[in-house]
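Results of the structural survey
Residue-level listing of the chains:
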Amino acid sequence: MSYRRELREKVINAIAHTMDLYGVNHSFGQLYGIMYFEDRPMTLEEMKNSMNMSKSNMSYAVRSLTESQMIYKLEEKRERQDLYLAETDFFRTFQNFFGAKLQREIDVMQESLQEVIPELSEIILARTTLPEEREEALRDLHKLQHAEQYYQWLQGFVNQLRDGGFF
């Protein structure tokens, strides 16, 4: 193996390790690293061979990286096989990856808050609610209203991140 390839391997392993820190499977990170250095689109078969990974694991890795917009499925094909290309702009990768993760968090939490806050308000306003229960519901409501402010702020952050406002 040439010295340049050894250096490339170090970076590929660092990419995989870094992605592992953010909850992405280590081998998926390795695949992204390999594709990052490719100067051409790759088929699933080529990826499978370069990683010595089963076809089902490779499909799962590709689907995960595609959903994170770290790699893209191209419209063109090679010998009837789908072609994939890595996003090599780390700024864009950051935008795509973290924007998607944060948006999922926002969506889950806002759905929950929109369901729970009105119900807590009903408990607080109901004449049949005992004073102690009303007090606890009011404390919960204040906490959730604060959380709501956070998720509104976070949505603005994600919007700016997606629009390239930080780069």
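Residues numbered from 1 in each chain as written. Predicted model: local features only at pLDDT ≥ 70, side-chain atom pairs only at ≥ 80, totals over all residues. Heavy atoms only, no water.

Per an unreviewed UniProt entry, the protein chain is named HTH-type transcriptional regulator, and its organism is Paenibacillus xylanilyticus. Listed under Sequence similarities (unreviewed entry) in UniProt, the entry text for the protein chain is "Belongs to the GbsR family." (UniProt positions renumbered as here; feature names shortened; annotations may be inferred.)

**Topic: helix α1 (residues 3-21)**
Side chains that are three or four residues apart share a direction in an α-helix, a result of its 3.6 residues per turn. For α1, spanning 19 residues, the distance from its first C-alpha to its last is 27 Å, which sits close to the expected 27 Å at 1.5 Å a residue. Buried within α1 we find Ile 12, Ile 15, Ala 16 and Met 19. The buried side chains of α1 occupy one side of the element, clustering within an arc of 95° when seen end-on. Among the exposed residues of α1, those pointing more than 90 degrees away from its buried face are Tyr 3, Lys 10 and Leu 21. Those residues of α1 that are buried are in contact with α2 (26-37), α4 (55-67) and α5 (90-125). Of the residues trailing α1, Gly 23 is marked for its positive phi of about 90°. (Helix = DSSP H or I, 4+ residues; strand = E, 2+ residues; numbered from the N terminus. Expected span 1.5 Å × (residues − 1). Buried < 20%, exposed > 50% of the residue type's maximum accessible area, 1.4 Å probe, protein only. Arc of directions from axis to C-beta. Contact = heavy atoms within 4.5 Å.)

**Some details on the pattern of salt bridges**
Note on pairing: side chains with opposite charge can pair once their charged atoms come close. Under the criterion given, the structure shown has 7 salt bridges. Residue Arg 139 pairs with Glu 135 through a salt bridge whose shortest N-O separation is 3.7 Å. With Arg 139 and Glu 135 both in helix α6 (residues 131-162) and 4 residues apart, the pair spans about one turn of that helix. What makes Arg 139 partly exposed here is its relative accessible area of 46%. Residues joined in a network through salt bridges with shared partners are Glu 38, Arg 40, Glu 46 and Arg 78. (Salt bridge = Lys/Arg side-chain N within 4 Å of Asp/Glu carboxyl O.)

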